[in-house]
Amino acid sequence: MFKNYFKIAWRNISKNKIYSFINIAGLAIGLASFLLITLYVTNELSYDRYFPDANRIYRINSDIRIGGSNLHMPVTSDMMGQLLEKDNPQIEQYTRIYTFSGNKLVKKGNVYINETNVGNADSTFFEVFQLPVIAGDTKHALDEPNTVVVTESTAKKYFGTTDVLGKTIEIKDNNITPYKITAVIKDIPDNTHFHFDFLFSMKNVNYDWGAITSHNFYTYIKLKPGTDYKAFEKNFDQYIDRYVMPYAKRFMNINSMDEFRKAGNNLQYSLMPLTRIHLYSDYSFELSPSGNIQYVYIFSAVALFILIIACINFMNLTTARSAGRAKEVGIRKVLGTEKKQLVSQFLFESTLIALVSLLIAILIDYFVLPVFNDIAAKHMTLNNLFSTSILPFLIALPFVVGLLAGSYPAFFLSAFKPIEVLKGKLKLGSKGGGLRSVLVVFQFATSIILIVGTIIVYEQLHFIQTKNLGYNKDQVLVIDGLFTLNEGTKQTFKNEVLQLPGVTEGTLSSFLPVSNSSRNDNTYSKDAVPTPQNSLDMQNWGVDYDYVKTLGMQIIQGRNFSKDFGSDSSAIIINETAMKLLGFTNPIGQKIYNTDNDGQQSSYHIIGVVKNFNFESLHQQVGPLCFMLGKNTNSAIFKVNAGNIQNLITQIQNKWKTIASGMPFSYRFLNESFDEMYRAEQRAGEIALIFSVLAIFIACLGLFGLATFIAEQRTKEIGIRKVLGASVQGIVKMLSKDFVKLVLLSFIIATPLAWWAMHNWLNNFAYRINIEWWMFVVAGIGALLIALITVSFQAVKAALSNPVKSLRTE
């Protein structure tokens, strides 16, 4: 039976080559797109799930609001983990990661390499995160100071082998410190929310230990089996009352958290499941760039819609070409074939086409996956399709698609009445036209929504690039890695670079107005006696005298720092947001106060107000910030204006080699760091554009097939009209008008849906564009023109045909 099904199916595919090609090509492209997005989505959803006990591991997040300033951080105090473990037996283990020591200079031969994937961890790290071990005992690997765990590729990079236990590596900061390698682990997989090549002992961190309100440690806890993490979160109130309140009473003069909160402030801790960190976290200072569950939903919907569009093509063309199969159905019914056998035959045909399309789709993905990886910043391989999580769905896919695409045509064709068919009374081809119209409307409505979405994404990205940020990000060169130099050498380097032609300004600082830069916040009060009502937590950046000028910022009240004023060592410049939240109208000369963890109070006099500038991404409002004169800088920042920028960089590198011999020379441009903040949106825009084009292309394939079929059906009508004097333009108009109506209806349906979807997406930005009417018009006209071009090709061909040939049989 199946052999006969196969013969009939293959005969029909071979007989109707154009329509078979359209069906297979449309389904193959749709399936290729579906599989690519499936790879992307499953990769995003797989983050951190490979860890044993991943469902029992949680990170503690902090949400703090003081004086109108909001801090959403994935870090806690150094004490929180151990205090929670002491008071709550539900905790099986805890561990901490510390990364705020910055990059490490690791010696290899006679040179130092600037390593960025570094951190310090507790000895309990590998009890919580059970990573595969190549050599060593990870349980005690970080017990002692001056110990380090390295990954497999790092061991090979520095020693050419993984047999490195007991060997030492030299780290240069202010001194040269040898670290003993105590374990080697497998490289941390890409689908992990942290990526370390070196994990140093926590006992090497130089820190003010025990500061209960200083939040700088990523703290993870593993709860015992059966513990409800939501119920456990109630213990944070006890932690605040027992450990935070004594500090608050001492330094903020409050008696309870209720008093603190009534003043508009807040302190709250929460647990985030390990497996949700990558996609659901919107916290600052993540260990690696986060994903976005919203994009997972969007791309999943796009994949499904593209697959449905491809299936719709199959349904439309099969039902439209019912004339070619009607007599076959009629004769087979007369000869005794049952309806269920006919349905099985047609479903077998559609499944066969889906299977052939799937094989072609996998071949397409083999060639395009490297390009897609570059766009999506992934390292996926085609082997991922055959993983245990995807393979069952891959096997089922041709059957599901065959059933989805072939079910209606199968029941439609098998329902023909043999007497009507054989007598020629059945209006073949027209039957099912209403459903075909609905399906075409769905195809183009989906395509228009994708086009509108792509336009709005690119307009928002253009807005980000061109918005006045309050500082100058263009032609600003940043030289990193100055932390190994003393202050005098840093100043010498800055002065020598300023002598080079093409360098107009220069400054030294560790702080830059981009998200991947250093950050530091402190709480200040308007009065010498701090209270919840007069306190404000704000960013505190150490800069030099030339920072404001180099970055093109604007002082709107008072003055900049000046070497002419010795008192500027205790001076401070605040931004407009800080001025507003502190309640100042004219803050120049006013004092603000800060109390450190030891109870020592410092006062600062305000000498200026800098115009607000966006120092975080445009997803966030500008928060309060202040500048102070500071040292311990990591970067030299130069405003350049050179025709040959590469030649200038070479000259600066030569200066560096003279001053910091053997140290790595690392540079970047500020606008590149700025762009990096919106890389996720840029990738989303590129992916949306690609799949919008594919959706339109697949829809047009189906439209081309339908137009070809209708032109064939109306060949004699066209011939008669031409004999009676109809013009080519009139015939093209006649054949195209129905399709134009369908596209216009698609536009009407798509417009409110696209507005709703993109309005929600734009709500993620504090600074955003307005959705304009022209965006929908461009998408609608674009879809209409594409449809007209597709239909008109066949319409013109039919209109130019010789009417004698079409009427010869009459």
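Keep in mind that what you see is a predicted model, and the values were worked out from it rather than measured.

Asker: I'd like to hear about empty space enclosed by the protein, residue by residue, with values.
Answerer: Inspection of every chain in the model, using the stated rule, returns 2 cavities of 30 Å³ or more. Approximately 30 Å³ is the volume attributed to the second largest cavity. Among the residues making up the lining of the second largest cavity, the classes are represented as 4 nonpolar, 3 polar and 1 charged.

Asker: Describe the nonpolar core, naming the residues involved and giving the relevant values.
Answerer: Counting 116 residues, the largest nonpolar core has Phe372, Trp541, Met553, Phe613 and Phe627 as the members making the most contacts within it. At 15 residues, helix 2 (residues 17-45) tops the list of elements feeding residues into this core. Each residue touching Phe627, except ones within four places of it in the same chain, is listed here: Trp541, Val543, Tyr547, Val548, Met553, Phe561, Ala571, Ile572, Ile573, Val610 and Phe613. Residues Ile97, Ile212, Met252 and Tyr269 belong to the second largest nonpolar core, which totals 58 residues.

Asker: Give me helix 2: which residues, what numbers.
Answerer: End to end, helix 2 covers 41 Å across 29 residues, agreeing with the expected 42 Å (1.5 Å per residue, within 8%). By the criterion of burial, helix 2 is predominantly enclosed, with 24 of the 29 residues buried.

Asker: Run through a nonpolar patch on the surface, naming residues and quoting values.
Answerer: Residues Trp773, Trp774, Val777, Val778, Ile781, Leu785 and Ile789 make up a contiguous nonpolar surface patch of about 700 Å² in total accessible area. Turning to its location among the elements, Val777 is positioned in helix 24 (residues 773-799). Taking the relative accessible area as the measure of exposure, Val777 reaches 31% and is therefore partly exposed.

Asker: Break down the layout of surface pockets for me, citing the residues and quoting the values.
Answerer: It is a probe the size of a water molecule, rolled over the atoms, that shows where empty space is left. Of the volumes computed, that of the second largest pocket is approximately 700 Å³. Looking at the second largest pocket, it is lined by 28 residues, and the ones nearest its centre are Ile298, Ile449, Leu450, Ala757 and Met758. Only helix 10 (293-320), helix 15 (433-466), helix 21 (679-713) and helix 23 (728-762) provide two or more residues apiece to the lining of the second largest pocket. The element best represented in the lining of the second largest pocket is helix 15, accounting for 9 residues. A breakdown of the residues in the lining of the second largest pocket according to their chemical character gives 22 nonpolar, 6 polar and no charged.

Asker: Explain the pairing of strand 6 (residues 118-121) to me, using residue names and the numbers behind them.
Answerer: Of the two faces of strand 6, the one lined by Val118 and Asn120 and the one lined by Gly119 and Ala121 are each fully buried. Relative to strand 6, strand 3 (residues 91-98) runs antiparallel, the two being bridged by 2 bridges. Paired with Ile97 across the two strands is Ala121, which belongs to strand 6. Pairing geometry for strand 6 and strand 11 (residues 198-201), over 4 bridges, is parallel. Counterpart to Val118 in the pairing with strand 11 is Phe198.

Asker: Explain helix 7 (residues 235-251) residue by residue, including any values.
Answerer: An ideal rise of 1.5 Å per residue puts 24 Å on 17 residues; helix 7 measures up with 24 Å between its terminal C-alpha atoms. At Val244, helix 7 shows its largest bend, some 50°, and a proline, Pro246, comes one to four positions later. In this structure, the buried residues of helix 7 make contact with strand 1 (57-66), helix 3 (80-87), helix 6 (229-232), helix 8 (257-262), strand 13 (266-273) and strand 20 (591-595).

Asker: Give a description of the packing of aromatic side chains that names residues and reports values.
Answerer: Applying the stated criterion across every chain yields a total of 46 aromatic pairs. Where Tyr239 meets Tyr243, the ring centres are 5.5 Å apart and the plane angle is 45°; that geometry is what we call tilted. Of this pair, Tyr239 and Tyr243 both sit in helix 7, 4 residues apart, which is roughly one turn of the helix. There is no split in this pair, since Tyr239 and Tyr243 are both buried. Ring pairing ties together the aromatic residues Tyr50, Phe51, Phe125, Phe126, Phe129, Phe194, Phe196 and Tyr220, which thus form one cluster. Sitting over the face of the ring of Phe200, Lys104 holds its NZ or CZ atom 5.4 Å from the ring centroid. The ring of Phe584 is capped by Lys526, whose NZ or CZ atom sits 5.2 Å from the centre of that ring.

Asker: Which residues make up the confidence of the model for the protein, and what values go with them?
Answerer: With 87% of its residues at a pLDDT of at least 70, the protein reaches an overall mean of 84. Summarising per-element confidence for the protein, the mean pLDDT is lowest in helix 14 (residues 418-423) (55) and highest in strand 12 (residues 218-223) (97). Across residues 428-432, confidence stays below pLDDT 50; counting only partners more than four residues off in sequence or on other chains, it has 16 contacts.

Asker: With reference to specific residues and values, describe the environment of Ala248.
Answerer: Along the chain, the position of Ala248 falls in helix 7. Distance in space between the C-alpha atoms of Ala248 and Phe260 is 9.0 Å, their sequence separation being 12 residues.

Asker: Can you explain the pattern of salt bridges? Please cite residues and give values.
Answerer: Applying the stated criterion to the full structure yields 22 salt bridges. Between Asp474 and Lys473 there is a salt bridge, with its nearest N and O atoms 3.7 Å apart. Look at Lys473 and you get buried, because its relative accessible area is 8%. Linking Glu496 and Lys655 is a salt bridge whose minimum nitrogen-to-oxygen distance equals 3.8 Å. Of this pair, Glu496 sits in helix 16 (residues 487-498) while Lys655 sits in helix 19 (residues 645-659), placing them 159 residues apart in sequence. The class for Glu496 is partly exposed, based on a relative accessible area of 29%. When its relative accessible area of 26% is taken as the criterion, Lys655 is described as partly exposed. One network of salt bridges, with partners in common, ties together Asp53, Arg56, Glu92 and Lys222.

Scoring rules and cut-offs
- Residues numbered from 1 in each chain as written.
- Predicted model: local features only at pLDDT ≥ 70, side-chain atom pairs only at ≥ 80, totals over all residues.
- Heavy atoms only, no water.
- 1 Å grid on protein atoms, 1.4 Å probe; cavity = no way out; pocket = protein on both sides within 12 Å on 5 of 7 lines; lining within 4 Å.
- Points joined across faces, edges and corners; volume = space filled by probe spheres on them.
- Nonpolar A, V, L, I, M, F, W, Y, C, P; charged D, E, K, R; others polar.
- Core = buried A, V, L, I, M, F, W, Y, C linked by side-chain atoms within 4.5 Å.
- Buried < 20%, exposed > 50% of the residue type's maximum accessible area, 1.4 Å probe, protein only.
- Helix = DSSP H or I, 4+ residues; strand = E, 2+ residues; numbered from the N terminus.
- Contact = heavy atoms within 4.5 Å.
- Expected span 1.5 Å × (residues − 1).
- Patch = residues over 30% accessible without salt bridge, like charges linked within 9 Å, V, L, I, M, F, W, Y side chains within 5 Å.
- Areas by Shrake-Rupley, 256 points an atom, 1.4 Å probe, with all protein chains shown as cover.
- Salt bridge = Lys/Arg side-chain N within 4 Å of Asp/Glu carboxyl O.
- Pairing = 2+ DSSP bridges.
- Bend = angle between axes of the 7 residues up to and from the residue.
- Phe/Tyr/Trp six-rings, centres within 6.5 Å; stacked < 30°, edge-to-face > 60°.
- Lys NZ or Arg CZ within 6 Å of the ring centre and 35° of its normal.
- pLDDT = per-residue confidence, 0-100.

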